[in-house]
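# Descriptive analysis of the structure
Read off the chains here:
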Amino acid sequence: MWGVLAAVLSSGIGGTAVVATRSLSKAIDPITLGALRFGLGFVFLLPVACLRREAWPTRRDWPGVAGLGLLFFGLFPILFNAALYFTTAARGAIALSALPVLTMLAASALRAETMTGRKVLGVLVTMTGVALALLSGLSTAPPGAWRGDLLMLGAALVMALYTIWSRPFVARSGPVRFTLTAMGIGALCLVSVAAIGGGLANVRGLAPEAWLAAAYLGIIGSALVFFLWSFAVSHTTPTLVAIAVAVNPITASLAGEVFLGERLGWNFAAGLGLVCLGIVVAATRPGLRSEQPFSEKRRFRLRIRPRG
């Protein structure tokens, strides 16, 4: 239960991070924005990783960890931030909510997971919900919003691949220390590119409220979100963690309406409902019979245990 609550809280906070990112996307380029977010996230997550009793990635895992860091903490923020330059926070969040479905499709293509009929049905329902939700607010959407929607789907695919490929590395080390190492590599790359391109120099002219949003992204939207996510992965099943992603567009849409004045229509609500339904259908199974033999075996073992 603690793992499920941590996943829900992580996804909920991630939805507010979408709004904070969109508010900064007009003032900071995507690369510099990613450098600020993950750079600050690395600084605040470092003490947590040092206090936890986990193993650091081994030397033979460093090439894979570096590649995953560049993929998720390097390419992902560029796609994510660029998407929110073209589209609204609510539309970006609903597109990102397709992450569990994309994870299942990628896992099946990479033969890391078997695709079942129930998962296929969930995929169809979820994709229908995404398409319906993207129809909401077309009259008030910024020009070229479809570009941001496609970029956000690309960011979700990058995150899906990261989730699949990072599992063996997390198993050999710890979830928090692995995340910190990968985040540090990605942040170092983004900071270097932003410094060469002059993006870091433009940060000095940010308004105080922009600095406040950047600090929120680094501390809350990066360090806290990824710590909660790692805690959830280590305390509950990946299926329950994936379902919690549906909380993301809810908080993003509410925060977008409150802080950015983005109006929501019935299409968005109906599409969001289909997305949540599709994720639940795809990520669950009809019964829990596979867990019964273990519990029966455990009770039998307890019954025959000698006294004294």
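Rules used throughout
- Residues numbered from 1 in each chain as written.
- Predicted model: local features only at pLDDT ≥ 70, side-chain atom pairs only at ≥ 80, totals over all residues.
- Heavy atoms only, no water.
- Helix = DSSP H or I, 4+ residues; strand = E, 2+ residues; numbered from the N terminus.
- Contact = heavy atoms within 4.5 Å.
- Areas by Shrake-Rupley, 256 points an atom, 1.4 Å probe, with all protein chains shown as cover.
- Buried < 20%, exposed > 50% of the residue type's maximum accessible area, 1.4 Å probe, protein only.
- Core = buried A, V, L, I, M, F, W, Y, C linked by side-chain atoms within 4.5 Å.
- Patch = residues over 30% accessible without salt bridge, like charges linked within 9 Å, V, L, I, M, F, W, Y side chains within 5 Å.
- Salt bridge = Lys/Arg side-chain N within 4 Å of Asp/Glu carboxyl O.

## Description of the overall build of the chain
When its secondary structure is counted, the chain shows 14 helices and zero strands. Here the analysis covers contacts within the chain between residues at least 6 apart in sequence; of these, 89% occur between residues at least 24 apart. For the chain, the computed accessible surface area is about 15400 Å², with 69% contributed by carbon and sulfur atoms.

## A closer look at helix 5 (residues 99-109)
Most of helix 5 is tucked away, with eight of its eleven residues classed as buried. Taken residue by residue, helix 5 has Leu99, Pro100, Val101, Leu102, Thr103, Met104, Ala106 and Ala107 as its buried positions. Directly after helix 5, the chain includes Arg111, whose backbone phi takes a positive value near 60 degrees.

## Focus: the environment of Ala7
Among the structural elements, Ala7 can be located in helix 1 (residues 2-24). Distance from Ala7 to Ala232, taken between C-alpha atoms, is 5.3 Å for residues 225 residues apart in sequence.

## Looking at the nonpolar core
In this structure, Phe38, Phe72, Phe73, Phe76, Phe80, Met152 and Tyr162 are the most contacted members of the largest nonpolar core, which totals 39 residues. Elements that contribute at least two residues to this core include exactly helix 2 (30-51), helix 3 (62-86), helix 4 (89-96), helix 5, helix 7 (145-172), helix 8 (175-197) and helix 10 (208-235). When residues in this core are grouped by element, the largest group, ten residues, is from helix 3. Those residues in contact with Phe76, other than ones at most four positions away along the chain, are Leu71, Leu96, Ala155, Val158 and Met159.

## Some thoughts on a nonpolar patch on the surface
There is a patch of nonpolar side chains on the surface, built from Val43, Phe44 and Ile219 and spanning about 250 Å² of accessible area. When you line up the elements, Val43 lands in helix 2.

## A word on the pattern of salt bridges
Per the stated rule, a full pass over the model turns up two salt bridges. Between Glu54 and Arg52 there is a salt bridge, with the nearest N and O atoms lying 2.9 Å from each other. Judged by its relative accessible area of 15%, Glu54 falls in the buried class. Judged by relative accessible area, which is 25%, Arg52 ranks as partly exposed. Among the ionic pairs, Asp61 bridges to Arg172, the shortest N-O distance being 3.0 Å. In this pair, Asp61 is assigned in the loop between helix 2 and helix 3 and Arg172 in helix 7, connecting sequence segments 111 residues apart. The class of Asp61 is buried, set by a relative accessible area of 4%.

These results come straight from atomic positions and should not be treated as a statement about function.
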